Amino acid sequence: MTSSKSKTIQTMKPETAAKKLGVLLSATPAEFQDGVVSRDELNELQAKPPAWLVDLRRNGPHPKQVVAAKLKVSISGLARGGITEPLTTAEIEALKAENPEWLEREQAIQAENRKEALRLKER
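Now for a look at the structure at hand. What you are looking at is a predicted structure, and each value in this text was computed from that prediction instead of being measured.

## A closer look at unusual backbone geometry
Residues Gly60 and Pro61 are joined by a peptide bond in cis, for which omega reads 10°. By the element assignment, Pro61 lies in the loop between α4 (51-59) and α5 (64-71). Its identity is not glycine, yet Lys72 carries a phi of approximately 60°, on the positive side. Position of Lys72 among the secondary structure elements: in the loop between α5 and α6 (75-80). Backbone geometry at Asn99 places phi at a positive 45°, although glycine is not the residue there. Tracing the backbone through its elements, the reader meets Asn99 in the loop between α7 (89-98) and α8 (101-121). A relative accessible area of 30% places Asn99 in the partly exposed class.

Quick look at the structure:
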């Protein structure tokens, strides 16, 4: 007995797709925000990003996980530094240039955490 099952299309909410793409959902086009995204559509967006996605990735505004990565701090470190809103690339670069004390401190903490994680992994 063989039954041919039709392949179920995997879909995800726009919030999930935006997170996987590394962009802020509220900055995406309305048609992206209002629909659902299939796995194939997500793969296509990653392989051949449209102009709006390229622009968002380049200029922002960026979600907190991207801001944290660009500043080389943790998300908690951003919060401790008072950064609670999305930042654009220009704002991130200005913050790097300013290099406030909290940023230096959080970068040092993050670097130490990475070093410790690497040490534990090598055990």
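From this point on, the discussion continues.
## Thoughts on the packing of aromatic side chains
According to the stated counting rule, one finds one aromatic pair in the structure shown. Here the aromatic rings of Phe32 and Trp52 are separated by 5.4 Å at their centres, their planes lie at 55°, and the arrangement is tilted. One end of the pair, Phe32, is in helix α2 (residues 30-34); the other, Trp52, is in helix α4, with 20 residues separating them in the sequence. Residue class for Trp52 comes out partly exposed when judged on its relative accessible area of 25%.

## Some points on the nonpolar core
Ranked by size, the top nonpolar core spans twelve residues in total: Met12, Ala17, Ala18, Leu21, Val23, Leu25, Phe32, Val37, Leu42, Leu45, Leu53 and Leu56. When residues of this core are traced back to their parent elements, those giving at least two are α1 (14-21), α3 (39-47) and α4. Beyond its immediate stretch of four places on either side in the chain, Val37 contacts Gln10, Thr11, Met12, Ala17, Phe32 and Leu42. Judged by nonpolar contacts, the second largest core, of eleven residues, contains Val67, Val73, Leu87 and Leu103.

## Things to note about the pattern of salt bridges
With the rule as written, the count across this model stands at five salt bridges. Its salt-bridge partner being Glu106, residue Arg80 comes within 2.8 Å of it at the nearest N-O pair. Note that Arg80 is positioned in helix α6 and Glu106 in helix α8, a separation of 26 residues in sequence.

## Quick word on the packing of α1 against α3
Closest axis-to-axis distance for the α1/α3 pair is 11 Å, and the angle between their directions is 30°. As summarised for this structure, α1 and α3 are arranged roughly parallel, according to the angle between their axes. Crossing hand, α1 versus α3: right-handed. Facing Ala17, Lys20 and Leu21 of α1, the residues of α3 in contact are Arg39, Leu42, Leu45 and Gln46.

Rules used throughout
Residues numbered from 1 in each chain as written. Predicted model: local features only at pLDDT ≥ 70, side-chain atom pairs only at ≥ 80, totals over all residues. Heavy atoms only, no water. Helix = DSSP H or I, 4+ residues; strand = E, 2+ residues; numbered from the N terminus. Buried < 20%, exposed > 50% of the residue type's maximum accessible area, 1.4 Å probe, protein only. Phe/Tyr/Trp six-rings, centres within 6.5 Å; stacked < 30°, edge-to-face > 60°. Core = buried A, V, L, I, M, F, W, Y, C linked by side-chain atoms within 4.5 Å. Contact = heavy atoms within 4.5 Å. Salt bridge = Lys/Arg side-chain N within 4 Å of Asp/Glu carboxyl O. Axes fitted to C-alpha atoms, helices over the stretch in contact; angles between N-to-C directions. Parallel < 35°, antiparallel > 145°, perpendicular 65-115°, else oblique. Left-handed = near helix turned anticlockwise from the far one by under 90°.

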